[in-house]
Amino acid sequence: MSEKRTAILDATLELISQRGFHNTPMSLIAKEANVGPGTIYRNFENKEALINQLFVELKRRISEPMLAGLSEGRTTEEIFQQIWRRTFQYCLNHSEEMLFLEQYHNSPFLTAETEAATREYQTPILGVFQNGVRSGDLKDMPFEMFIFFVWTAIASHAQLHLNGVIIMDEDKLSQAIQACWDAVKSN
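All values reported here derive from a predicted model rather than from experimental measurement.

Participant: So what exactly am I meant to see when it comes to the overall build of the protein chain here?
Facilitator: Within the protein chain one finds 10 helices and zero strands. When the elements of the protein chain are put in sequence order from the N terminus, they spell out α-α-α-α-α-α-α-α-α-α. The C-alpha radius of gyration of the protein chain comes to 18 Å, within 12% of the 16 Å expected for a compact globule of 187 residues. If one aligns the C-alpha atoms of the protein chain with their principal axes, the spans along those axes are about 55 × 35 × 30 Å. The buried share among the 187 residues of the protein chain stands at 42%. Approximately 9800 Å² of the protein chain is accessible, and the part contributed by carbon and sulfur atoms is 52%. With 17 positive and 24 negative side-chain charges, the protein chain shows a separation of 4 Å between the mean positions of the two kinds.

Right, here's the structure in full:
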């Protein structure tokens, strides 16, 4: 990825996290990225394409640490807890990314096409989910519902912690993970 393209994506992330989609014009993105507006349009067809590409990039970034070292031979619950903890920690360490993803998931930008563009990053989680359903450990629901439910729980708890509403110490983190597990495990 070129330096200018990276600068554009980084500026977009920062501005949208602070200002939202509609209050972030392309001219401001260009200024923040220290590039001309034409440079943005040479890299991205329009603002929607830029935002969608940022979404795909962030899904890649969050997937790498979340999925690193998942090992065979662990129970579905152990893998679920590991992914939950890692994703929560990632959200704490990358709050702008979390804020962007939260906004994106609740926007008209989220389409089947953008979700499909991130499918390769979700393949390992899909495998865990499918194995969990097959083994009877997880409820049989559409994968997208499972991901949305779990992501919403993680991001909401991270936001509560970051805002100082509730400090997610080890005890509270374990309670949150258990409550989320109880909601998705089969009975």
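Participant: Hey, could you run me through helix α10 (residues 170–184) in this one?
Facilitator: Note: α-helices contain 3.6 residues per turn, so residues at a spacing of three or four share the same orientation. Relative to the 21 Å expected for 15 residues at 1.5 Å per residue, α10 spans 21 Å between its end C-alpha atoms, a close match to the ideal helical length. Among all positions in α10, only Leu173, Ala176, Ile177, Cys180, Trp181 and Val184 are buried. Down the axis of α10, the smallest arc covering the buried residues is 135°, so these residues share one side. Summarising the contacts, the buried residues of α10 are in contact with α5 (76–93) and α9 (143–162).

Participant: Can you help me understand helix α2 (residues 26–33) in this one?
Facilitator: Listing the buried residues of α2 in full gives Met26, Ile29, Ala30 and Ala33. Along the axis of α2, the buried residues cluster in a sector spanning 100°; they form a single face. Of the exposed residues in α2, those oriented more than 90 degrees away from the buried face are Ser27 and Lys31. With its phi angle positive at about 60°, Asn34 sits one or two positions after the end of α2.

Participant: Hey, could you run me through a nonpolar patch on the surface in this one?
Facilitator: The grouping of Leu160, Val165 and Ile166 at the surface amounts to a nonpolar patch, some 230 Å² of accessible area in total. Secondary-structure assignment places Val165 in the loop between α9 and α10.

Participant: Looking at this structure, I do not really get the packing of aromatic side chains. What am I missing?
Facilitator: Between two aromatic rings, the relevant description is the distance of the centres plus the angle of the planes. For the structure shown, the criterion picks out 10 aromatic pairs. For the ring pair Phe21 and Phe109, a centre distance of 4.9 Å and an interplane angle of 55° mean the geometry is tilted. Taken as a pair, Phe21 in the loop between α1 (3–19) and α2 and Phe109 in the loop between α6 (95–105) and α7 (112–117) lie far apart in primary sequence, 88 residues in all. For Phe109, a relative accessible area of 14% corresponds to the buried category.

Participant: I tried to follow the environment of Leu162 on my own but got confused; where do I start?
Facilitator: Positionally, Leu162 belongs in helix α9. In this structure Leu162 comes out as partly exposed when scored by relative accessible area, which is 37%. Between the C-alpha atoms of Leu162 and Leu92, which are 70 residues apart in sequence, the distance is 7.0 Å.

Participant: Which parts of the structure should I look at to understand the pattern of salt bridges?
Facilitator: One side chain can pair with another of opposite charge once the charged atoms of both are near each other. Applying the stated criterion to the full structure yields nine salt bridges. Note that Arg119 and Glu144 form a salt bridge whose closest N and O atoms lie 3.7 Å from each other. Placement of Arg119 in helix α8 (residues 119–134) and of Glu144 in helix α9 is noted, with a sequence separation of 25 residues between them. Judged by its relative accessible area of 31%, Arg119 is partly exposed.

So, how was this worked out
Throughout, a residue's number is its position along its own chain's written sequence, starting from 1. Under the rules for a predicted model, residues below a pLDDT of 70 receive no local features and side-chain atom pairs below 80 are neither given nor counted, while totals for whole chains, interfaces and linings still include all residues. The side-chain numbers reported here are obtained from all heavy atoms of the structure, hydrogens and water having been left aside. Secondary structure elements are taken from DSSP: a helix is a run of H or I of four residues or more, a strand is a run of E of two residues or more, and numbering for both begins at the N terminus. C-alpha atoms define the radius of gyration in this analysis, and the globule rule sets the expected value at 2.2 Å times the number of residues to the power 0.38. Burial here depends on accessible area, computed with a 1.4 Å probe over protein chains only, as a share of the maximum for the residue type. Under 20% is buried, over 50% is exposed, and the range in between is partly exposed. We get accessible surface area from the Shrake-Rupley algorithm with a probe of 1.4 Å; when it comes to residues, only the shown protein chains can shield them. Counted as positive: Lys and Arg. Counted as negative: Asp and Glu, with His and the chain ends omitted from the count. The atoms used to mark charge sites are NZ of Lys, CZ of Arg, CG of Asp and CD of Glu. By this rule the span expected of a helix is its residue count minus one, scaled by 1.5 Å. Here the arc refers to the set of directions running from the helix axis out to each C-beta atom. Contact between two residues is taken to exist if any of their heavy atoms lie within 4.5 Å; hydrogens are not considered. In this scheme, patches are assembled from residues that exceed 30% relative accessible area and form no salt bridge. Like charges are connected within 9 Å, while nonpolar side chains (Val, Leu, Ile, Met, Phe, Trp, Tyr) are connected within 5 Å. Take a side-chain nitrogen of Lys or Arg and a carboxyl oxygen of Asp or Glu: if they are within 4 Å of each other, that pair is a salt bridge. Each Phe, Tyr or Trp ring, with Trp reduced to its six-membered ring, pairs with another whose centre is within 6.5 Å; inter-plane angles below 30 degrees give stacked pairs, above 60 give edge-to-face pairs, and intermediate values give tilted ones.

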